[in-house]
Amino acid sequence: MNSVSVQEADFDVGAEIAALSAGRNDVGAVASFVGLVRADKLAGEGSEVSAMTLEHYPGMTEKSLEAIVLDAGSRWQLLGTRVIHRFGRLTPGERIVFVGVASSHRGDAFAACEFIMDYLKTRAPFWKKEDTPEGGRWVDAREADDSAAARWEAPAG
Amino acid sequence: MSIKVLYFASLRETLGYSHETLTLPATIATLGDLRAHLAKRGGAWEALDVGRNVRMAINQEMAGADTAVADRDEIAFFPPVTGG
């Protein structure tokens with residue numbers, strides 16, 4: 001079972017992980033990832049990011065996450081996938097994203113979980129804006145995220 | 001040809017619009033044509049100039065400049081994504 005949610009509400013990590021293998025005996029591995037808001041230091045100042053607001057593109061965001069999950073399912077033997085991504089205003093320590101993958105064996109579960117996060121970071125339409133003492137500041141996309149996603153591309157030839 | 005255009009995140013703030021409905025001249029065939037057409041409005045709209053780091057989508061799928069634009073399409077312009 002694959003399921004994708006884009007929501008303002010927090011989620012229960014334990015319940016989400018448990019649901020991936022509930023009522024079945026063919027799951028041998030569940031790998032999961034939880035992304036959190038980090039209190040980054042602001043450059044050249046003593047202050048930290050006090051909150052951030054996540055904007056998304058309703059409709060396209062859900063579709064793109066579903067496409068990423070389908071892509072993962074074509075690359076690895078998966079028995080279930082759950083992706084949750086929050087939007088709205090979040091403060092440091094709060095959960096932003098959950099990815100859980102069930103498989104027969106850990107190799108596929110680990111790989112698919114990492115793949116989904118790498119693709120999510122470069123393809124799912126979400127944008128972060130940090131609160132700073134000077135006002136809101138949009139977070140720049142990172143090249144490291146592009147190269148993390150690029151390593152999953154099929155080698156040419 | 002009538003289309004809906006959406007703008008997100010920093011681009012939405014720069015342009016001062018979250019969406020608009022446009023009737024396009026027949027000379028606009030592709031997403032790249034539309035982007036150039038909008039950039040020609042000048043001022044803040046130069047944020048859509050070729051060379052600026054802008055992503056595009058047609059009907060909620062990422063699309064390149066060569067993609068054809070059709071009547072009633074939903075088109076979006078936005079900066080590189082930063083979720084996760």
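Our subject is the structure that appears above.
The following refers to the structure shown. Here the structure is a predicted model, which means the values were calculated and not measured. (Residues numbered from 1 in each chain as written. Chains lettered and ligands numbered in written order. Predicted model: local features only at pLDDT ≥ 70, side-chain atom pairs only at ≥ 80, totals over all residues. Heavy atoms only, no water.)

**What to know about the overall build of chain B**
Thought 1: The helix and strand inventory of chain B stands at 2 helices and 5 strands.
Thought 2: Element order for chain B, N to C, with α for helix and β for strand: β-α-β-α-β-β-β.
Thought 3: Rg of the C-alpha trace for chain B: 12 Å, near the compact-globule value of 12 Å for 84 residues, within the 12% margin.
Thought 4: Expressed as a percentage of the 84 residues in chain B, the buried residues total 49%.
Thought 5: Here the contacts in chain B between residues at least 6 apart in sequence split such that 49% fall between residues at least 24 apart.
Thought 6: Summing over all exposed atoms, chain B offers an accessible surface of approximately 4,100 Å²; the carbon and sulfur share of this is 48%. (Helix = DSSP H or I, 4+ residues; strand = E, 2+ residues; numbered from the N terminus. Rg over C-alpha atoms; globule rule 2.2 N^0.38 Å. Buried < 20%, exposed > 50% of the residue type's maximum accessible area, 1.4 Å probe, protein only. Contact = heavy atoms within 4.5 Å. Areas by Shrake-Rupley, 256 points an atom, 1.4 Å probe, with all protein chains shown as cover.)

**Remarks on the environment of B:Ile58**
Thought 1: Of note, B:Ile58 is situated in strand β3 (residues 55-58).
Thought 2: On a C-alpha basis, the gap between B:Ile58 and B:Ala76 in space is 6.5 Å, while along the polypeptide they are 18 residues apart.

**Side note on the pattern of salt bridges**
Residue and element names in this part refer to chain A.
Thought 1: Overall, the coordinates contain 16 salt bridges over all chains when judged by the stated rule.
Thought 2: Between arginine 151 and glutamate 114 there is a salt bridge, with its nearest N and O atoms 3.2 Å apart. Residue arginine 151 is found in the segment after α4 (143-150), and its partner glutamate 114 is found in helix α3 (residues 106-123); the two are separated by 37 residues along the sequence.
Thought 3: We note a salt bridge from glutamate 153 to arginine 123, for which the minimum N-O separation is 3.2 Å. Here the residue glutamate 153 occupies a position in the segment after α4, and arginine 123 occupies one in helix α3, the gap between them amounting to 30 residues.
Thought 4: Classification of arginine 123 by relative accessible area gives partly exposed; the value is 36%.
Thought 5: Here the salt bridges do not stand alone but share partners, grouping Asp10, Arg86, Glu94 and Arg95 into one network. (Salt bridge = Lys/Arg side-chain N within 4 Å of Asp/Glu carboxyl O.)

**As for the sheet that holds strand β5 (residues 88-90) of chain A**
Where strands meet in a sheet, backbone hydrogen bonds hold them as pairs that are either parallel or antiparallel.
Residue and element names in this part refer to chain A.
Thought 1: The 4 strands are arranged β5-β3-β7-β8 in an open sheet whose pairing can be described as antiparallel. At either end of the open sheet lies a strand with only one pairing partner, and these are β5 and β8 (135-138). Across the sheet, the mean angle from the axis of one strand to that of its neighbour is 30 degrees, orientation sign disregarded.
Thought 2: Sheet topology note: the strand β7 (residues 126-132)/β8 ladder contains 4 bridges and is antiparallel. Counterpart to lysine 129 in the pairing with β8 is tryptophan 138. (Pairing = 2+ DSSP bridges. Axes fitted to C-alpha atoms, helices over the stretch in contact; angles between N-to-C directions.)

**Some details on the packing of helix α2 (residues 60-75) of chain A against α3(A)**
Residues and elements named next belong to chain A.
Thought 1: Between α2 and α3, the least distance of the axes is 10 Å, while the angle of their chain directions is 145 degrees. Seen from above, α2 lies across α3 with right-handed handedness. Residues Ser64, Leu65, Ile68, Asp71, Ala72 and Arg75 of α2 form the contact with α3, whose participating residues are Phe115, Ile116, Tyr119, Leu120 and Arg123.
Thought 2: For the contact of α2 with α3, a count of residues per class yields 7 nonpolar, 1 polar and 3 charged. (Left-handed = near helix turned anticlockwise from the far one by under 90°. Nonpolar A, V, L, I, M, F, W, Y, C, P; charged D, E, K, R; others polar.)

**So, the interface of chain A and chain B**
Thought 1: Every contact between the two is made by 25 residues of chain A and, on the other side, 20 residues of chain B.
Thought 2: Three residues, A:Tyr57, A:Met60 and A:Trp127, lead the burial of chain A against chain B; their summed loss comes to 36% of the area buried on that side.
Thought 3: At the surface where chain A touches chain B, the tally comes to 2 salt bridges.
Thought 4: One salt bridge in this structure joins B:Glu13 and A:Lys129, with 2.5 Å as the shortest N-O distance.
Thought 5: For the pair chain A and chain B, the interface holds 14 residue pairs in polar contact (both at pLDDT 80 or more).
Thought 6: Elements supplying a minimum of two residues to the side of chain A that touches chain B: β3 (51-56), α2, β6 (95-103), α3 and β7 of chain A.
Thought 7: Broken down by element, the side of chain A that touches chain B gets its largest block of residues, 5 residues, from α3(A). (Buried area = accessible area lost by both parts, 1.4 Å probe. Polar contact = N/O pair within 3.5 Å; in protein donor to acceptor, adjacent residues only side chain to side chain.)

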